[in-house]
Amino acid sequence: MARKRRKLTNPLALAVMTTLWQKPMHPYEIAQTLRSQGKDASTKTNYGSLYTVVQNLEKHGFVEVTGVERQGNRPERTVYGLTEAGRQEMAEWLSDLLAIPAKEYPIFETALSLMAALPPEEVERLLEMRLSSLEVQVASGRGALEKLYETLPRLFLVEVEYQLHMVEAQAQWVRGFLDEVRKGSLPGVDEWRRFHETGELPAEFTT
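Residues numbered from 1 in each chain as written. Predicted model: local features only at pLDDT ≥ 70, side-chain atom pairs only at ≥ 80, totals over all residues. Heavy atoms only, no water.

Chemist: Help me out: how do you make sense of the overall build of the chain in this one?
Modeler: Assigned secondary structure in the chain consists of 8 helices and 2 strands. When the helices and strands of the chain are listed from N to C terminus, the series reads α-α-α-β-β-α-α-α-α-α. The dimensions of the chain, computed from C-alpha atoms along their principal axes, are 75 × 40 × 35 Å. The burial tally for the chain puts 29% of its 207 residues in the buried class. Residue pairs at least 24 apart in sequence account for 60% of intrachain contacts in the chain once pairs closer than 6 positions are excluded. Looking at the chain as shown, the accessible area adds up to about 13800 Å², and 55% of this sits on carbon and sulfur atoms. Of note, the chain has its 25 positive side-chain charges centred 7 Å away from the centre of its 29 negative side-chain charges. (Helix = DSSP H or I, 4+ residues; strand = E, 2+ residues; numbered from the N terminus. Buried < 20%, exposed > 50% of the residue type's maximum accessible area, 1.4 Å probe, protein only. Contact = heavy atoms within 4.5 Å. Areas by Shrake-Rupley, 256 points an atom, 1.4 Å probe, with all protein chains shown as cover. Lys, Arg positive; Asp, Glu negative; His and termini not counted. Charge placed at Lys NZ, Arg CZ, Asp CG, Glu CD.)

Chemist: In this structure, what is going on with the environment of Ser42? I would like to understand it.
Modeler: Its place among the elements puts Ser42 in the loop between helix H2 (27-36) and helix H3 (50-59). Sequence spacing of Ser42 and Leu98 is 56 residues, and the spatial spacing of their C-alpha atoms is 14 Å. Setting aside residues no more than four positions away along its own chain, Ser42 makes contact with Glu159 and Gln163.

Chemist: Explanation requested: a nonpolar patch on the surface in the structure shown.
Modeler: On the surface, Leu118, Leu126 and Met129 cluster together to form a nonpolar patch covering roughly 250 Å² of accessible area. Structurally, Leu118 is set in the loop between helix H5 (107-114) and helix H6 (120-149). The partly exposed category is assigned to Leu118, whose relative accessible area is 37%. (Patch = residues over 30% accessible without salt bridge, like charges linked within 9 Å, V, L, I, M, F, W, Y side chains within 5 Å. Salt bridge = Lys/Arg side-chain N within 4 Å of Asp/Glu carboxyl O.)

Chemist: Which parts of the structure should I look at to understand the side chain of Thr83?
Modeler: Residue placement: Thr83 occurs in the loop between strand S2 (77-82) and helix H4 (84-99). Residue Thr83 is classed as buried on the basis of its relative accessible area of 11%. Ignoring any residue separated from it by four or fewer positions in sequence, one finds Thr83 in contact with Gly61, Phe62, Val63 and Glu64.

Chemist: When you look at the pattern of salt bridges in this model, what are you seeing that I'm missing?
Modeler: Two side chains that carry opposite charge are able to pair once their charged atoms sit near each other. One pass over the full model with this rule turns up 16 salt bridges. Across the pair Arg142 and Glu168 runs a salt bridge, and its minimum N-O distance is 3.0 Å. Pair noted here: Arg142 is in helix H6 and Glu168 is in helix H7 (residues 158-183), with a separation of 26 residues, a long-range link. Exposure remark for Glu168: the relative accessible area of 25% places this residue in the partly exposed category. Where salt bridges share partners, they join Arg6, Glu89, Glu92 and Asp96 into one cluster.

Chemist: Got a minute to help me understand the packing of H6 against H7 in this structure?
Modeler: Packed helix pairs are specified by the crossing angle of their axes together with the interaxial distance, meaning the distance between the axes. Packing of H6 against H7 brings their axes to within 9 Å, and their N-to-C directions diverge by 155°. The orientation of H6 with respect to H7, classified from their angle, is roughly antiparallel. The element H6 and its partner H7 pack so that their crossing is left-handed. For the contact of H6 with H7, a count of residues per class yields 15 nonpolar, 3 polar and 9 charged. (Axes fitted to C-alpha atoms, helices over the stretch in contact; angles between N-to-C directions. Parallel < 35°, antiparallel > 145°, perpendicular 65-115°, else oblique. Left-handed = near helix turned anticlockwise from the far one by under 90°. Nonpolar A, V, L, I, M, F, W, Y, C, P; charged D, E, K, R; others polar.)

Chemist: So what exactly am I meant to see when it comes to H2 here?
Modeler: Since the α-helix advances by 3.6 residues per turn, residues separated by three or four positions end up pointing in the same direction. Among the residues making up H2, those that are buried are Pro27, Glu29, Ile30, Ala31, Thr33 and Leu34. Residues of H2 that are buried make contact with helix H1 (11-22), H3 and S2. Gly38, located one to two residues past H2, shows a positive phi value of around 75°.

Chemist: I tried to follow the nonpolar core on my own but got confused; where do I start?
Modeler: Among soluble globular proteins, nonpolar side chains are generally buried collectively. Counting 22 residues, the largest nonpolar core has Val16, Met17, Leu20, Ile30, Leu50 and Leu57 as the members making the most contacts within it. Listing elements by their share of this core, those giving two or more residues are H1, H2, H3, S2 and H4. The element contributing the most residues to this core is H1, with 7 residues. Beyond its immediate stretch of four places on either side in the chain, Ile30 contacts Val16, Thr19, Leu20, Met25, Leu50 and Val54. (Core = buried A, V, L, I, M, F, W, Y, C linked by side-chain atoms within 4.5 Å.)

Quick look at the structure:
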């Protein structure tokens, strides 16, 4: 099942629509709400481009101007609300993202696919550094999550749980892979090491 091609593809646009789903806001308030609700930890957020995102949403009919606010001698702020088309787009887009897995390209996966260009001993050293950082992230993430549980319902913390779970899963995988490299039980590790010692590419690496 393929995802529907959307008019807007920037995830920040979806985050803005779900924020306006709560109530109409001006762009500065949208930015404050995204930050206060921790959505900037799960969505790449460039606050400088947020106004452009809002303008694009308006151009496609997903948001509309609902009023203008003025506080004291501050400049007027345009308030935007979600249109019916915006509510439908938000629901369909979010449904697609939740239901349909998509191939993503994490940079660590790229590095793993190319790591044979470095000697096994160097990869081992580098992955040990990574594992150490991951273990710190896991420990601090667990502590932070427990604190958040004290003030927020779990419904609003599921993305934090998921992030922590993915870090834990990565740490577990790196730990196991390192063990295979150290013990020499990783298939092809001897040929990998021999190539960096002799410069001769094994036939297995060229097939």
